[in-house]
Amino acid sequence: MPLLCLSSCEDKGGNFRLEGEFRNMNQAELYLFDPITGRKDTISVSRGRFKYESFSQDTATLMLMFPNYSTMPVFAQKGVTLRLKGDASHLKETELKGSDENDEMTAFRLKAAQMTPPEEKEAAIAFINENPVSPVSAYLLRHYFVDTAEPDYQEAFRLCQTMVKADPHQKYLFPLYNQLRMLQSGSVGMKIPSFAVLDINDKVITNKDLDAPIKVFCLWASWSYESRELVATVRKKRSQNPGKIALVAISIDARQSEGESWVRRDSITNYLISDGRMWRTPLARALGMTAIPSNVIADRNGRIVARDIVKKGDLVKELEKLLEENK
């Protein structure tokens with residue numbers, strides 16, 4: 001029997017409400033964020049309870065992030081109150097009830113929990129083809145084919161086209177469609193898109209500042225040891241080969257101060273991006289970086305030669321190969 005349950009009831013007002021209580025969670029902070037707009041709110045849990053309220057004009061797919069950094073989708077609607085009850089030690093066993101979208105998502109998630117990863121993807125494809133106008137399909141498309149360590153942009157674009165064809169007026173598809181076009185620009189063989197971003201010292205960084213023959217972009221977070229280790233690996237190679245490697249470390253920490261604190265403590269030097277926008281960090285999105293850890297490597301002409309090398313040994317080999325080519 002599921003240990004975490006969300007139920008909803010109708011409210012005549014225009015506000016969206018989320019209330020809940022946890023067992024085994026006394027004091028904590030949750031994050032509720034919109035992956036499309038980048039808006040995020042902090043929800044404080046005190047003595048295992050919390051209340052959240054926000055004005056909502058339309059249906060939105062939000063993500064609720066728990067203290068262990070796991071997430072779950074919340075299909076929010078104006079005038080609806082969601083009530084959460086659960087055990088913090090069993091966050092995966094969830095149910096979300098009260099609307100067609102949440103019922104569908106719950107049924108799919110519980111069914112998928114019994115499948116292998118390949119079977120989950122096949123089930124997601126089947127669901128999307130059978131329900132092309134459902135907001136759940138948009139979430140499944142992102143979850144299984146875009147926001148994953150091994151994205152499949154070709155399949156994602158095909159499924160997105162199916163959804164658009166079924167109903168061209170689905171507003172929530174526009175950002176997704178545009179994102180997929182953007183992600184394709186971050187594929188191997190393409191050039192690094194033009195960018196201008198502020199680093200943690202409020203200095204504007206552009207493509208022209210990366211004048212080294214090897215350019216490395218790393219996505220990291222202070223809570224991800226694996227991602228920090230890869231940043232450290234690139235730093236070490238850069239220090240051993242002055243002028244050969246340019247490193248841009250992009251933080252997706254929820255708070256800008258978290259990324260800055262770790263960076264300064266670890267004595268990392270330019271270029272460091274930590275804007276507190278999480279997955280909406282513009283440069284990461286432009287490069288199609290959708291998972292932690294993630295990286296993109298480009299040559300002296302700004303053309304992408306490799307990406308998403310997440311094993312330290314493989315990253316070292318790739319950098320050494322490129323350094324040899326640029327002797």
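Details of the structure are given in the entry above.
This one's a predicted model, so the numbers in the text were calculated from it and none came from an experiment.

Enquirer: I keep staring at the overall build of the protein chain and nothing clicks. Help me out?
Expert: Assigned secondary structure in the protein chain consists of 9 helices and 16 strands. Residues counted as buried form 48% of the 327 residues belonging to the protein chain. Across the protein chain, contacts joining residues at least 24 apart in sequence account for 64% of those joining residues at least 6 apart. Accessible surface, the protein chain as shown: approximately 16400 Å² in total, 49% of it carbon and sulfur.

Enquirer: How should the packing of aromatic side chains be read in this particular structure?
Expert: Aromatic ring pairs are defined here through the distance separating the ring centres and the angle between the ring planes. Here the structure, examined in full by the defined rule, presents 8 aromatic pairs. Summarising the aromatic geometry, the rings of tyrosine 69 and tryptophan 223 are spaced 4.4 Å apart at their centres and angled 20° between planes, so their arrangement reads as stacked. A residue pair is termed long-range when its members are at least 10 positions apart, and tyrosine 69 in the loop between β6 (60-65) and β7 (71-76) and tryptophan 223 in the loop between β12 (214-220) and α6 (225-240) qualify at 154 residues. You can call tyrosine 69 partly exposed: its relative accessible area is 41%. Residues phenylalanine 195 and phenylalanine 217 carry aromatic rings whose centres are separated by 6.0 Å and whose planes lie at 85° to one another, so their mutual orientation is edge-to-face. Residue phenylalanine 195 is located in the loop between α5 (173-184) and β10 (196-198), and its partner phenylalanine 217 is located in strand β12; the two are separated by 22 residues in the primary sequence. Phenylalanine 195 sits in the buried class, given a relative accessible area of 11%. One aromatic cluster is present, built from ring pairs that chain together Phe22, Phe50 and Phe66.

Enquirer: I would appreciate a short explanation of the sheet that holds strand β13 (residues 245-251) in the present structure.
Expert: Pairing between the strands of a sheet comes from backbone hydrogen bonds, and it takes one of two forms, parallel or antiparallel. Strand order across the open sheet formed by 5 strands is β14-β13-β12-β15-β16, with mixed pairing between neighbours. A single partner strand is all that each edge strand has here, and the edge strands are β14 (272-273) and β16 (304-307). Relative to β13, β12 runs parallel, the two being bridged by 7 bridges. Across the sheet, the residue bridging to leucine 219 is isoleucine 250, located in β13.

Enquirer: Would you take a moment to explain the environment of proline 168 for this structure?
Expert: As for its position among the elements, proline 168 is in the loop between α4 (153-166) and α5. Residue proline 168 is classed as partly exposed on the basis of its relative accessible area, which comes to 48%.

Enquirer: Please clarify how the packing of helix α2 (residues 117-130) against helix α3 (residues 135-145) should be interpreted in this entry.
Expert: How two helices pack is summed up by the angle between their axes together with the distance between the axes. It is the contact of α2 with α3, at a shortest axis distance of 9 Å, that shows an interaxial angle of 150°. By the angle class used here, α2 and α3 are roughly antiparallel. Handedness of the α2/α3 crossing: left-handed. Of α3, the residues touching α2 (which contributes Glu120, Lys121, Ala124, Ile125, Phe127 and Ile128) are Val136, Ser137, Leu140, Leu141, Tyr144 and Phe145. When its residues are assigned to classes, the contact of α2 with α3 shows 9 nonpolar, 1 polar and 2 charged.

Enquirer: For this particular structure, what's the right way to read the nonpolar core?
Expert: Generally speaking, a soluble globular protein has its nonpolar side chains buried in company with each other. Grouped together as the largest cluster of nonpolar side chains are 31 residues, with contacts concentrated most on Phe108, Leu140 and Leu141. Contributions of two or more residues to this core are made by β3 (27-33), β6, α1 (100-112), α2, α3, α4 and α5. Setting aside residues up to four positions removed in sequence, leucine 141 forms contacts with Ile128, Val146, Ala156, Leu159, Cys160, Met163 and Leu176. Grouped together as the second largest cluster of nonpolar side chains are 23 residues, Phe16, Phe22, Leu30 and Ile43 included.

Enquirer: Where do I start with the pairing of β12 in this structure?
Expert: Looking down a regular strand, the side chains alternate between one sheet face and the other. Buried residues dominate β12, accounting for 7 of its 7 residues. One ladder, built from 5 bridges, connects β12 with strand β15 (residues 294-298); its direction is antiparallel. Within the sheet, the bridge partner assigned to valine 216 lies in β15 and is isoleucine 297.

Enquirer: What is the right way to read the packing of α2 against α4 from this model?
Expert: Interhelical geometry of α2 versus α4 gives an angle of 20° and a closest axis separation of 9 Å. For the element pair α2 / α4, the angle class is roughly parallel. Facing α2, whose interface residues are Ile125, Ile128 and Asn129, α4 presents Glu155, Arg158, Leu159, Thr162 and Met163.

Enquirer: Please explain the side chain of glutamate 318 as it appears in this structure.
Expert: Examined against the element boundaries, glutamate 318 turns out to sit in helix α9 (residues 312-325). Sequence-distant contacts of glutamate 318, defined by excluding residues within four places in its chain, comprise Ile297, Ala306 and Ile309.

Enquirer: Please explain the pattern of salt bridges as it appears in this structure.
Expert: Side chains bearing opposite charge may pair, as long as their charged atoms lie close to each other. A full pass over the atoms with the stated rule returns 9 salt bridges. Note that glutamate 21 is salt-bridged to arginine 49, the shortest N-O span being 3.3 Å. Within this pair, whereas glutamate 21 is found in strand β2 (residues 15-23), its partner arginine 49 is found in strand β5 (residues 49-55), the two being separated by 28 residues in sequence. With relative accessibility at 30%, the residue glutamate 21 sits in the partly exposed group. Linking arginine 39 and aspartate 41 is a salt bridge whose minimum nitrogen-to-oxygen distance equals 3.1 Å.

Conventions used here
Sequence order as written defines the numbering, with residues in each chain counted from 1. In keeping with the model being predicted, local features are shown solely for residues with a pLDDT of at least 70 and side-chain atom pairs are shown and tallied solely at 80 or more, while totals for entire chains, interfaces and linings include all residues. Side-chain numbers here rest on the full set of heavy atoms in the structure, without hydrogens or water. Each helix is a run of DSSP H or I of at least 4 residues and each strand a run of E of at least 2, with the numbering of both proceeding from the N terminus. Only protein chains enter the accessibility calculation, which uses a 1.4 Å probe; a residue whose area is less than 20% of its type maximum is buried, one above 50% is exposed, and one in between is partly exposed. Working rule for contacts: check all heavy atoms of both residues, and any pair within 4.5 Å makes them a contact. Only the protein chains shown count as cover for residues, and the accessible areas themselves come from Shrake-Rupley with a 1.4 Å probe. Centres within 6.5 Å make a pair out of two Phe, Tyr or Trp rings, where for Trp the six-membered ring is used; the pair is then stacked when the planes are under 30 degrees apart, edge-to-face when over 60, and tilted otherwise. When DSSP finds two or more bridges between two strands, those strands count as paired. To get an axis, a line is fitted to the C-alpha atoms, and for a helix only the part in contact is used. The angle between two axes follows their N-to-C directions and goes from 0 to 180 degrees. Roughly parallel here means an angle under 35 degrees, roughly antiparallel means over 145, roughly perpendicular means 65 to 115, and every remaining angle is called oblique. Helix crossings fall into two classes, left-handed where the near helix is turned counterclockwise from the far one by less than a right angle and right-handed where it is turned clockwise. Three classes are used, and their members are as follows: Ala, Val, Leu, Ile, Met, Phe, Trp, Tyr, Cys and Pro are nonpolar, Asp, Glu, Lys and Arg are charged, and the others, Gly among them, are polar. We define a nonpolar core as any set of buried Ala, Val, Leu, Ile, Met, Phe, Trp, Tyr and Cys residues linked to one another through side-chain atoms lying within 4.5 Å. The salt bridge definition used is simple: a Lys or Arg side-chain nitrogen within 4 Å of an Asp or Glu carboxyl oxygen.

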